[in-house]
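Fold and geometry: a report
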Amino acid sequence: MKVSDLAGSQLDFWVAKAEGVEASVDTHLKFMPSTDWAQGGPIIDREGIQIAPMPAKGGAWCAVSIGRLPNRAGSSNGAWVEGPTPLIAAMRAYVRAKFGPEVE
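How each quantity is defined
- Starting afresh in each chain, residues are numbered from 1 along the sequence in its written order.
- Reporting of local features is limited, given that this is a predicted model, to residues whose pLDDT is at least 70; pairs of side-chain atoms are given and counted only at 80 or more, and all residues count toward the totals for whole chains, interfaces and linings.
- Side-chain calculation: all heavy atoms of the structure are included, whereas hydrogens and water are not.
- DSSP-based pairing: two strands are paired if at least 2 bridges between them are found.
- Segments assigned H or I by DSSP are reported as helices when at least four residues long, segments assigned E as strands when at least two residues long, and all are numbered from the N terminus.
- Nine residue types can take part in a nonpolar core, namely buried Ala, Val, Leu, Ile, Met, Phe, Trp, Tyr and Cys, and a core is a set of them joined through side-chain atoms within 4.5 Å.
- Each residue's exposure class comes from its accessible area (1.4 Å probe, protein chains only) as a fraction of the maximum for that residue type: buried when under 20%, exposed when over 50%, partly exposed otherwise.
- Contact between two residues is taken to exist if any of their heavy atoms lie within 4.5 Å; hydrogens are not considered.
- As a rule, the C-alpha atoms of each element are fitted with a line to give its axis, helices using only the stretch in contact, and angles between N-to-C directions run from 0 to 180 degrees.

Thoughts on the pairing of strand β1 (residues 49–54)
One ladder, built from six bridges, connects β1 with strand β2 (residues 60–65); its direction is antiparallel. Pairing of Ala 52 across the sheet is with Cys 62, part of β2. The turn joining β1 and β2, which pair antiparallel and follow one another in sequence, is formed by five residues; a positive phi near 65° is taken by Gly 58.

Quick look at the nonpolar core
By size, the foremost hydrophobic cluster in this structure holds 22 residues, and its most contacted members are Leu 6, Leu 11, Val 15, Ile 49, Met 91 and Val 95. Those elements giving two or more residues to this core turn out to be α1 (8–19), α3 (37–47) and α4 (86–99). Sorting elements by how many residues they give to this core places α4 first, with eight residues. Setting aside residues up to four positions removed in sequence, Leu 11 forms contacts with Leu 6, Ser 34, Ile 88, Met 91, Arg 92 and Val 95.

What to know about the sheet that holds strand β3 (residues 81–83)
Read across the sheet, three strands follow the order β1-β2-β3 without closing on themselves; strand pairing throughout is antiparallel. The two strands at the open ends of the sheet, each matched to only one other strand, are β1 and β3. Mean inter-strand twist for the sheet, computed between neighbouring axes without regard to direction, equals 30°. Relative to β3, β2 runs antiparallel, the two being bridged by three bridges. Following the sheet pairing, Trp 61 is matched in β3 by Gly 83.

Here's what the structure looks like:
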């Protein structure tokens, strides 16, 4: 599946995996960084993920991990990823930097 299509519990599952959190039913009920700023915000801050609005795309957001988080190719410059909210875009950028443009 393309990381750019991940949302909801699927996105949260892959963020958990990137964070080294064992994914379980209980995790899905408590770990929701794509909708909870208290959980997603620290990841954004720690990893230096940049987020910007995209007014030309009807309120969509884009995010990229630059600087602190090396991507799979070893570069610290990730690809821009879009999302309907800042948190979704940022968590997609985080997952993409960790696992590449597609996940299982």
